[in-house]
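# A closer look at the structure
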Amino acid sequence: MEVKKAIQQALSEALKRSGVEIAPRDVPLEFPTELSHGDYATGIALKYAKEADTAPRALAEKIVAELGSVEGISKIDIAGPGFINFYLSAGVLAGSVKDAVETDRWGANSYLQGQVVLIEYTSPNLFKPLHIGNLVGNILGESLSRLMQFSGAHVERINYPSDIGLTVAKGVWGLRKTSGDPSDIKALGEAYRIGNEGYENDPAAKIEIDEVNKKLYEDTDPQLSALRKAGVETSRRHLDAICEQLGTKFDAEIFESEAAPVGRDIVLAHVGDVFEKSDGAIVYKGESEGLHTRVFVNSAGLPTYEAKDVGNFELKIGKFPDWTSSFVVTGAEQSEYFKVVIAAIKKLFPGAGAKTIRHIPTGFLTLTTGKMSSRKGNVLTGESLLMDLEKSANERAAESRASDKTRLAKDVATAAIKYQLLKQGSGKNMMFDKEKALSLEGDSGPYLQYAHARARAILEKAKEQNVVATFDVGAQPTELSRSLHRFPEVVERAAAEHEPHLITNYLLQIASEFNSWYAKEQILDGTATAAHKVALTAAVARTLKNGLWLLGIPAPEKM
């Protein structure tokens, strides 16, 4: 980080002497795709050539001449039409290796120091099984939480499950029709399917379900309320089991039933200044802001999802009044919905407009059979997918060096699903391929775990042979040492852009480079260079472990 700032400072000063002023932090500096093009590169000469009234290449040459020597840089050259490439010194690279070995939180930064971040994710509809699509929000939300923590923020994880409303009413109605057992998660799924089918296709059923919904809100029918309560508890138990395996522990849980009356009262109190009456309902008209109109309280006087989200926000900031930013991780299909809700929230809550309130979208997860839907009944539950992955992983774990093969199978299953989902950019649709997800070769979570376990095995042997990691400042830089240097900056960028896929891409590169290096190097060769090679191996192990943690993936020491 310090070298990067030194380069930006030097470039800013050199450009200033050509008549162009730019703050050091705004100087564009990035990692070249190819390591042969240096450790940092800038297109500053191309960007500001017109302002400097000179050709890009000529400006690049002038800048390089003005730069002279920059601390930590061994070479500077110019490529193509005017790109300037910087090569790090062996001492700087050795220092990064040393930091990676000696620092537990290697890769951490202070980008969000002092920030209190509220991040809401998972938040399923209860009263039906958690299908695999719902896992996407949990997996992305947990990784974002860890990235923000690693960047200095105080993170509060929040779950906002839907325990009341039309979805639950359909399930309760369906249970009565099927005489299903509310303690059986499969019975809940079937009840919801029946209820949804009735609501969409049978006018009489729709009327009945709307009445059930009203009675559940008002809590006026003990039998219906008891069914709702029992079904909600069943769903919660299954949700808790999945979250435990995926490494998620929430700091707060706010139920939709809690948020509904709070949100309704806030909306009713702001009719005339924020909301308007329309055909018996209360709406927010967003057209003047480039948005659209949404109903917050319907004509029956019941709060909609929109009003509930207002109530949820009030409860969240009541629990965490020192918040500085608030994120909600849900499907991309809710993006337009949240634009309206956030616009209303910023008008309802003084001071909220000056803070960050953002929806982070997730894409759809599909299998070869297409998009899954609990409404249609072709749902693959989160539990069943994880169990299927564990079963396959168990077969491989039987041949491993791990002492707890059951635990290893769970860890590999977790890596398989998480990596496959996180390697896509936020909001992009995903195709899950079980065989690729479990592969120990190539682009997969288990491949990264295996690289880490291999590094740990080498370190175990080094310890047995009394070879201590030593940092040779004069050692010839390798692609591996140059790539290791990039980790802290990759972490900061991933946190700033809310994109865990930057971590997956980086870890895949490190694992591949380590495996290639390992294949051609005899690390414990009894020579004086062995200690430095052990240090490189230890740096890789720490980088993979910390990077996997950021993705929410365990890093087994033996596989």
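Just above, that's the structure.
A brief report on the enclosed structure follows. (Residues numbered from 1 in each chain as written. Predicted model: local features only at pLDDT ≥ 70, side-chain atom pairs only at ≥ 80, totals over all residues. Heavy atoms only, no water.)

### Description of the sheet that holds strand β2 (residues 73–79)
- Strand order in the open sheet made by the 3 strands is β1-β3-β2, with antiparallel pairing throughout. Here the strands that pair on one side only, and so sit at the sheet edges, are β1 (40–42) and β2. Between one strand and the next, the sheet's axes are offset by a mean angle of 20°, whatever the strand orientation.
- Strand direction decides the pairing type here: β1 and strand β3 (residues 83–88), joined by 3 bridges, are antiparallel. In the sheet register, T42 faces β3, and the bridge partner there is I84. (Pairing = 2+ DSSP bridges. Helix = DSSP H or I, 4+ residues; strand = E, 2+ residues; numbered from the N terminus. Axes fitted to C-alpha atoms, helices over the stretch in contact; angles between N-to-C directions.)

### Thoughts on the environment of G425
- Mapped onto the fold, G425 is located in the loop between α14 (405–422) and β14 (430–431).
- Its relative accessible area of 11% is what places G425 among the buried residues.
- For G425 and P361, which are 64 residues apart along the polypeptide, the C-alpha to C-alpha distance reads 9.9 Å.
- If near-sequence neighbours (up to four positions away) are discounted, G425 is found in contact with E499 and H501. (Buried < 20%, exposed > 50% of the residue type's maximum accessible area, 1.4 Å probe, protein only. Contact = heavy atoms within 4.5 Å.)

### Remarks on the sheet that holds strand β5 (residues 154–159)
- Strands sit in the order β6-β5-β4-β10-β11 across an open sheet of 5 strands; the sheet is parallel. In the strand order of this sheet, the two ends are held by β6 (252–253) and β11 (356–362), each with one partner.
- Relative to β11, strand β10 (residues 325–331) runs parallel, the two sharing 7 bridges. By the bridge assignment for β11, S326 is matched with I357.
- Here helix α11 (residues 305–319) sits on the sheet and contacts β4 (116–120), β5, β6, β10 and β11; the angle it forms with β4, its principal contact strand, is near 145°.
- Contacts from helix α12 (residues 335–348) reach β10 and β11, with the element oriented near 170° to β11.

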